[in-house]
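Tertiary structure, described
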Amino acid sequence: MELSFWQIVTAGLLGAIAILRRKMKLSVRQIVTAGMMGAIAILLGVTRLGFIGPFPPLIMVSATIMHVPVIIGGVLEGPIVGLITGLIFGLFSWLQAPTEQPPVNLWFSNPLVSILPRLFIGVTSAYVYRALRKANEPLALAVAGVVGTLTNTVLVVGMIVVLGYAPLAVLAPAVAPNAIAEIIIAVIIVVAVVAAWKGIEGRRKGSSV
Amino acid sequence: MEDFELLRNVTIGQYLPTGSLLHRLDPRTKIVGLGMLLLAIIVHKAASGLLVGLLLVLGLVILARVPLSFALGGLKPALPILLLLAALQLLFGWGMFSTSCHPLWSWWVMSITPCSVQAVIALLARFTALILLTSLLTLTTSISELAHGAEALLRPLQRLGVPADELAMVFTIALRFVPTLAQQLEKLLKAQAARGADIHGGTNPLQRTRQLLPVLVPLFLTTLRRGEELTLAMEARGYTGGPGRTHYFRLRFGRIDVVALAAIGLLLVGLFSVPFGALDQHGLALLARLASH
């Protein structure tokens, strides 16, 4: 591979992430949420329920709903949980790569494509949600869904292009319609789940000691 | 055409205590050993080498005294797509790197070349081996063993600021809950079907979402609820995470582990030094000669 510059970038990013982690301690709830959302992501992948439509754009096969638990994890418990859940999603996507179709399996076997971009899905969703939460809760959730999905699409496609696997001109039109569908789906699910959960949790909060 | 029994197919994540040799290995050995085998199979290119790899993995499954039909059950969900892919690759030479093969049989736009035959064999071998390897890890190692193993392996990273203990706990929880959530999902799918919903109907993505929504939202919600209960339970038992946790369970590296690691090391060296590429070429030539008769 001819990308020593990018390897340095990657190493730098990983170092930054490691440093970030030092400053944040995980509460039990955060650990559990990360684990549970990770479990859903794995489940969606293993049972193929996370894949919508076997035909058209085959490229984003690994992403259709599997990123949603990551977004929800980030929104509910913050960027660190989003990071970890994204890590689980990425790891699983990497492990599942050999079972995908030809162009895709080669790309996703490279952890820079399957793991690294996924780390940011939860992080961006979390920050966007936090920023907009005061203004309008449902809107914040929707935007978090959009941003999270876009992060996934843009960074994964970006990595594929940067590593020279496929030219942007070819990928973009194939991925675009799929990406739009994913965004809509993600927004619906994120808003529905978090709104319902907050509603339930709100009623419960009164009784916690 | 509904397959409700999702749990049966989720062999990844289930523990089968058969007391075999593999079960007695230190989890760290298994994680590292099986991990290396996994990597080797992902990287290896020659079809003949992959077949040898597959045989190896099957041997391991037998060694673990896991019923073969059970282990292979994990392939079921992916089977239709896999077969379609294999057929496409066989007939159209899809995803082929070199096209210097003469067809054995052709009709219209389809043709079967020795290269595509080999590619398909490689594909099927690799796929099966990977699924089996992954399942093997969880089938022979209980969740708590996996957690301790992962934690021990990650501990050196603690100095870089990575919260190894907490991460290990996250992975443990995730792995442990996959079968539980699969059961939950199964119930939800059945409930929806009983109300007349058709899950695998529409291929239009929006339509499919509308069908999946009554299943997904409850899945998330019940999962989050379980999470609440788990959090409470852990806190009630005094779990605070973080370093400095002592363990009731101690991992001990035994003689079996050294033998196992040495064996895997030898296998890996063998896998990569035997000229499988040349073997493949011989195979290709043989097929070509068979065809011209």
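Residues numbered from 1 in each chain as written. Chains lettered and ligands numbered in written order. Predicted model: local features only at pLDDT ≥ 70, side-chain atom pairs only at ≥ 80, totals over all residues.

Check the secondary structure of chain A and you find nine helices and zero strands. Mapped from its N terminus to its C terminus, chain A presents α and β elements in the order α-α-α-α-α-α-α-α-α. Residues classed as buried in chain A amount to 51% of the 209 residues present. Within chain A, residue pairs in contact and separated by at least 24 positions form 74% of the contacts whose partners lie at least 6 positions apart. (Helix = DSSP H or I, 4+ residues; strand = E, 2+ residues; numbered from the N terminus. Buried ≥ 20, exposed ≤ 12 C-beta atoms within 10 Å, placed from the backbone. Contact = placed C-beta atoms within 7 Å.)

In this section: the overall build of chain B. The helix and strand tally for chain B stands at eleven helices and two strands. Along chain B, helices (α) and strands (β) appear in the sequence α-α-α-α-α-β-β-α-α-α-α-α-α when read from the amino end. Buried positions account for 35% of the 293 residues belonging to chain B. Counting contacts in chain B only where the partners sit at least 6 residues apart, residues at least 24 apart contribute 78% of the total.

Right, let's talk about the packing of helix α2 (residues 27-43) of chain B against helix α10 (residues 255-273) of chain B for a bit. Residues and elements named next belong to chain B. Closest axis-to-axis distance for the α2/α10 pair is 10 Å, and the angle between their directions is 5 degrees. The angle between α2 and α10 places the two elements in the roughly parallel class. Seen from α2, the contacting residues are T29, G33, M36, L37 and A40; seen from α10, they are D257, A260, L261, I264, L268 and L271. A class-by-class count of the residues in the contact of α2 with α10 yields eight nonpolar, two polar and one charged. (Axes fitted to C-alpha atoms, helices over the stretch in contact; angles between N-to-C directions. Parallel < 35°, antiparallel > 145°, perpendicular 65-115°, else oblique. Nonpolar A, V, L, I, M, F, W, Y, C, P; charged D, E, K, R; others polar.)

Averaged over all residues, the pLDDT of chain B is 75; the fraction at 70 or higher stands at 72%. Interface confidence in the predicted complex, given as ipTM, is 0.81; pTM for the same model is 0.69. (pLDDT = per-residue confidence, 0-100.)

Between its terminal C-alpha atoms helix α7 (residues 119-133) of chain A stretches 22 Å, which fits the 21 Å expected from 15 residues at 1.5 Å a residue. Residues of α7 of chain A that are buried include every one of L119, F120, I121, G122, V123, T124, S125, A126, V128 and Y129 of chain A, and no others. (Expected span 1.5 Å × (residues − 1).)

Here the focus is the nonpolar core. One finds I40, A41, L43, I72, V75 and V190 of chain A together with A174 of chain B to be the most contacted residues of the largest nonpolar core, which totals 73 residues. The leading source of residues in this core is helix α8 (residues 164-194) of chain B, at 15 residues. For V75 of chain A, the residues in contact, after removing those within four places along its chain, are S125, A126, Y129, L141, A144, V190 and V194 of chain A. Core analysis: the second largest hydrophobic core is formed by 35 residues, I41, L60, V66 and A119 of chain B among them. (Core = buried A, V, L, I, M, F, W, Y, C linked by C-beta atoms within 7 Å.)

A few words now on the confidence of the model for chain A. Do not read the fine detail of predicted coordinates wherever pLDDT is low. Residues and elements named next belong to chain A. Residues at a pLDDT of 70 or more form 68% of chain A, whose mean pLDDT is 75. Scored below 50 in pLDDT, residues 52-62 makes 29 contacts in the model with residues more than four places away or belonging to other chains. Considering only residues more than four positions removed or in separate chains, one finds that residues 205-209, a stretch of pLDDT under 50, has zero contacts.

With that settled, consider α8 of chain B. With 31 residues, α8 of chain B should cover 45 Å at 1.5 Å per step; its first-to-last C-alpha distance of 45 Å lies within 8% of that length. Following α8 of chain B by one or two positions, G196 of chain B adopts a phi angle in the positive range, close to 95 degrees.

Let us look at the packing of α7 of chain A against helix α8 (residues 137-162) of chain A. Residues and elements named next belong to chain A. Contact geometry of α7 with α8 gives a least axis separation of 8 Å together with a crossing angle of 155 degrees. Viewed along their axes, α7 and α8 adopt a mutual orientation that is roughly antiparallel. Remark: the crossing between α7 and α8 carries right-handed chirality. Contacts between α7 and α8 involve F120, I121, T124, S125, V128, Y129, L132 and R133 from the former and E137, L139, A140, L141, V143, A144, V147, G148, T151, N152 and L155 from the latter. Taken together, the residues of the contact of α7 with α8 break down into twelve nonpolar, five polar and two charged. (Left-handed = near helix turned anticlockwise from the far one by under 90°.)

A word on the environment of T231 of chain B. Along the polypeptide, T231 of chain B turns up in helix α9 (residues 205-236). Sequence-distant contacts of T231 of chain B, that is, excluding residues within four places in its chain, are made with V28, R29 and V32 of chain A.

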